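# What the coordinates show
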Amino acid sequence: MQTIAGIRRQPLYSPNHIENDTLILMRTAEHLINMGVLVKIYEEEDLGSIEINEPVIFSMAQGEKSLNELLKLQNKGRVIINNPQAAIKCFRRNMVNILQLNKIPFPKSHVLPVNNYSGISFDDFNARKIWVKRGDVHAVHREDVTLVYSEEERKNIFREFKKRGIEYAVLQEHLEGDVIKFYSIKNSSFFHWYYLNGINHTPFDKEQLLELASRSAEILGLEIYGGDAIISPDGSISIIDINDFPSFAPIREQSTKEIAQLIFQKTKYFEETILLKS
């Protein structure tokens, strides 16, 4: 039996989802074992201090240091799902620019250093309220994604970020409408969505939501992903966030089977490639 590695997400990056993130990883591992693949579990915080010899790795790691360690392993020929470079692209300071440049419908956003910032402020949005979001990983503390109503509030959040060592923030337009959460897995028919807050239940094109989610993931390089979208009162769809390897908590059993199948196929392809070369 082939042995592959699974990387459990550091609890710091699983606020309110530590159990869900652990369950998605372990249930995927169980399915893989049933398919004839052994799985050795490592902790994200151990990356760089322990040796990982398995040729295929599926990872929920999100810290920048951890992802850089995985990039080193990838450069040595390891197959890693999701690609660590894709996970780095999901850092908000990267994601907002990448998606906007690729014409994905997305709220007007600006990436700013929290120290010595200039040029863009609350007033530039000509709106009553805007979002201030940390520029790297997704929310760890409540203040990491905050709706503010004044320039003074915006400055206070920046000062808080600076104290916590967060270097960049994103100022983002607030879009009115229904918030949708979605989950998907590349090379499968699996796509699940639900209302996070279905205020208006405005009719929208579900196929377009799938297309925008898939295009966003393809642009970022993700295979296992989720995200959020806004359905505006006119039915138009805007992507507002993409997450690498979310917890899939509402549909864990169905999703883990599909995730395991994706990893199994990657493992099988790797083995066949090695045999052809030998």
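Right above here is the structure, for reference.
In short, a report on the structure. (Residues numbered from 1 in each chain as written. Predicted model: local features only at pLDDT ≥ 70, side-chain atom pairs only at ≥ 80, totals over all residues. Heavy atoms only, no water.)

### What to know about the sheet that holds strand 1 (residues 2-8)
Test applied: Any two strands with at least two DSSP bridges between them are considered paired. Strands are runs of DSSP state E lasting at least two residues, helices are runs of H or I lasting at least four, and both sets are numbered from the N terminus onward. Convention adopted: a line fitted to C-alpha atoms gives each axis, helices being fitted over their contacting stretch, and angles between N-to-C directions are expressed from 0 to 180 degrees. Contacts are assigned to residue pairs with any non-hydrogen atoms lying within 4.5 Å of each other.
In spatial order, the strands read 2-1-3-4; together these 4 strands make up an open sheet with parallel pairing. Because the sheet does not close on itself, it has two edges, and the strands there are strand 2 (37-43) and strand 4 (79-81). Neighbour to neighbour, the strand axes of the sheet diverge by 25° on average, direction disregarded. Across 3 bridges, strand 1 lies against strand 3 (residues 56-59) in parallel orientation. Bridge pairing links Ile 7 to Ser 59 in strand 3. Sheet contacts for helix 1 (residues 18-34): strand 1, strand 2 and strand 3; angle to strand 2, the most-contacted strand, approximately 155°.

### Focus on the pattern of salt bridges
Just so we agree on the cut-off: Within this document, salt bridges are pairs made up of a side-chain nitrogen of Lys or Arg and a carboxyl oxygen of Asp or Glu, the two lying within 4 Å of each other. Exposed residues in this analysis have more than 50% of their type's maximum accessible area, buried residues have under 20%, and partly exposed residues fall in between, with area computed by a 1.4 Å probe over protein chains only.
This model, assessed by the stated rule, comprises 16 salt bridges. Arg 8 serves as the salt-bridge partner of Glu 43, at 2.9 Å between the closest nitrogen and oxygen. Placement of the pair is Glu 43 in strand 2 and Arg 8 in strand 1, with a sequence separation of 35 residues. Residue class for Glu 43 comes out partly exposed when judged on its relative accessible area of 24%. Notably, a salt bridge pairs Glu 69 with Lys 72, separated by 3.3 Å at the nearest N-O pair. Of this pair, Glu 69 and Lys 72 both sit in helix 2 (residues 64-75), 3 residues apart, roughly one helical turn.

### Re helix 1
The cut-off we apply is this: Helix span is expected to be 1.5 Å times the residue number reduced by one.
If you check helix 1, its first and last C-alpha atoms are 25 Å apart, about what 17 residues at 1.5 Å a residue would give, namely 24 Å. Within the sequence span of helix 1, burial applies to Asn 20, Asp 21, Ile 24, Leu 25, Thr 28, Ala 29, His 31 and Leu 32. Of the residues flanking the end of helix 1, it is Gly 36, one or two places downstream, whose phi is positive at about 95°.

### Things to note about the sheet that holds strand 12 (residues 237-244)
Across the sheet, 4 strands lie side by side as 10-9-11-12; this open sheet has antiparallel pairing. Sheet topology places strand 10 (191-197) and strand 12 at the edges, where each strand pairs with a single neighbour. Strand-to-strand twist in this sheet, taken as the mean axis angle between neighbours without regard to direction, amounts to 25°. Both strand 9 (residues 178-185) and strand 11 (residues 224-231) contribute to a ladder of 8 bridges, which runs antiparallel. Paired with Ile 180 across the two strands is Ala 229, which belongs to strand 11.

### Focus: the packing of aromatic side chains
Each pair of aromatic rings is reported with the distance of its centres and the angle of its planes. To keep things clear, this is the line we draw: Here a Phe, Tyr or Trp ring, Trp counted by its six-membered ring, pairs with any other such ring whose centre lies within 6.5 Å, and the pair is stacked when the planes are under 30 degrees apart, edge-to-face when over 60, and tilted otherwise. Counting as a charge over the ring demands two things of the Lys NZ or Arg CZ atom: a distance within 6 Å of the ring centre and an angle within 35 degrees of the ring normal.
What the rule picks out here adds up to 6 aromatic pairs. Between Phe 190 and Phe 248 the ring centres are 6.2 Å apart and the planes differ by 50°, which places this aromatic pair in the tilted class. Separated by 58 residues along the polypeptide, Phe 190 in the loop between strand 9 and strand 10 and Phe 248 in the loop between strand 12 and helix 7 (252-277) bring together distant segments of the chain. Neither residue differs from the other here; Phe 190 and Phe 248 are each classed as buried. Over the aromatic face of Phe 158 sits the side chain of Arg 154, whose NZ or CZ is 4.7 Å from the ring centroid. The residue whose ring lies beneath Lys 206 is Phe 204, and the NZ or CZ to ring-centre distance is 4.7 Å.

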